Amino acid sequence: MENSVFDRMVSRYSPATKVEKKNAIHEVMQEITLAGLYKSGFFNKAAFYGGTCLRIFYGLQRFSEDMDFSLLQADENFKLENYFDAIKTEFQSLGREVVITRKEKKTQTNIESAFLKDNTKIYNLEFSTEKNVKIKIEVDTQPPAGFSTEHKLLMLPFSFMTRCYTLPDLFAGKMHALLFRAWKNRVKGRDWYDFEWYVRNNISLDFRHLRQRTEQINSISEKDFTPDFFKQVLRKKIEKTDINLVKRDVSPFLKNPAEMEIWSAEYFLQLADRINFG
């Protein structure tokens with residue numbers, strides 16, 4: 001019988017398939033990770049952003065894998081390992097054991113990375129183990145300036161606040177990822193799903209923060225990165241992207257893949273025309 005806090009957290013999603021169960025467990029583990037980070041004081045110096053933040057706190061209807069954070073102020077000496085014990089302790093309080101390993105850098109970057117996986121075997125008739133659930137955690141230690149944050153409430157495994165990027169700045173980060181994500185032979189359909197979500201919900205795009213991102217990361221000056229230039233680059237990106245590959249990538253993360261039936265290059269071009277610059 002499901003009676004632990006962990007099981008109750010999973011049961012909120014009413015998973016009907018193996019994939020839905022895995023997605024639900026993934027998100028519960030993300031929420032517990034946030035709780036551990038909160039107890040450690042992590043959110044005094046960092047904020048949550050990216051698709052998982054949008055999913056957990058703002059109602060995005062797709063599951064998400066990675067957890068992305070940004071320091072509030074640049075700190076090249078920041079060490080994510082300092083927070084591993086707090087995360088492990090929070091899982092242990094719920095009867096779970098996790099393993100967290102730092103991702104060793106092959107080249108010098110501004111990102112601190114780690115992987116968290118469930119090390120607790122749970123046996124039942126349908127799901128023999130959950131050790132295939134792995135979460136990538138990344139912290140930008142040299143973040144672009146110009147973003148705003150707010151505190152958002154989670155009530156499980158207990159009530160606590162998470163510092164998050166505001167929606168306009170989340171939108172800016174997402175559009176930067178969609179335009180400049182350096183994947184050679186893949187598309188990340190989740191970026192396109194989120195793009196649609198922001199436009200559908202009439203979220204304004206913090207263009208100032210987007211320009212600061214492109215200047216720092218892509219060496220495009222703020223002066224050159226105008227709204228017209230942005231629209232031009234976005235339209236080119238849409239026109240050259242295989243939308244069928246986009247659909248295929250995001251489909252496993254959706255409860256209702258039929259909502260993508262309208263997706264086409266023309267559809268996304270019209271979405272681009274509806275972006276709200278605030």
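Our structure's up above, just so we're on the same page.
So, here's what we can say about the structure. (Residues numbered from 1 in each chain as written. Predicted model: local features only at pLDDT ≥ 70, side-chain atom pairs only at ≥ 80, totals over all residues. Heavy atoms only, no water.)

Things to note about the packing of helix α2 (residues 18-39) against helix α4 (residues 84-93)
Okay, step 1: Two numbers describe how α2 lies on α4: the axes approach to 8 Å, and their chain directions differ by 125°. Between α2 and α4, the angle falls in the class oblique. Remark: the crossing between α2 and α4 carries right-handed chirality. Across the interface between the two elements, M29, I32, T33, A35, G36, L37 and K39 from α2 touch A86, I87, E90 and F91 from α4.
Okay, step 2: Residues belonging to the contact of α2 with α4 are distributed by class as follows: seven nonpolar, two polar and two charged. (Axes fitted to C-alpha atoms, helices over the stretch in contact; angles between N-to-C directions. Helix = DSSP H or I, 4+ residues; strand = E, 2+ residues; numbered from the N terminus. Parallel < 35°, antiparallel > 145°, perpendicular 65-115°, else oblique. Left-handed = near helix turned anticlockwise from the far one by under 90°. Contact = heavy atoms within 4.5 Å. Nonpolar A, V, L, I, M, F, W, Y, C, P; charged D, E, K, R; others polar.)

As for the packing of aromatic side chains
Okay, step 1: The tally for this structure, following the rule as stated, stands at 27 aromatic pairs.
Okay, step 2: Consider the rings of F42 and F43, whose centres lie 5.3 Å apart with planes at 80°: the pair is edge-to-face.
Okay, step 3: Taken together, a centroid distance of 5.1 Å and an interplanar angle of 85° make the contact between W192 and F268 edge-to-face. With a gap of 76 residues between them, W192 in helix α6 (residues 189-200) and F268 in helix α10 (residues 265-273) connect regions that are remote in the sequence. As far as the burial class goes, W192 and F268 line up, both buried. (Phe/Tyr/Trp six-rings, centres within 6.5 Å; stacked < 30°, edge-to-face > 60°. Buried < 20%, exposed > 50% of the residue type's maximum accessible area, 1.4 Å probe, protein only.)

Some words on the pattern of salt bridges
Okay, step 1: Summed over the entire model, instances satisfying the criterion amount to 14 salt bridges.
Okay, step 2: Here E196 ties to R200 by a salt bridge, and the two come within 3.1 Å at their closest N and O atoms. Of this pair, E196 and R200 both sit in helix α6, four residues apart, which is roughly one turn of that helix.
Okay, step 3: Its relative accessible area of 3% is what places E196 among the buried residues.
Okay, step 4: Three or more residues are tied together by salt bridges with common partners; here these are R62, K174, R181, D191 and D194. (Salt bridge = Lys/Arg side-chain N within 4 Å of Asp/Glu carboxyl O.)

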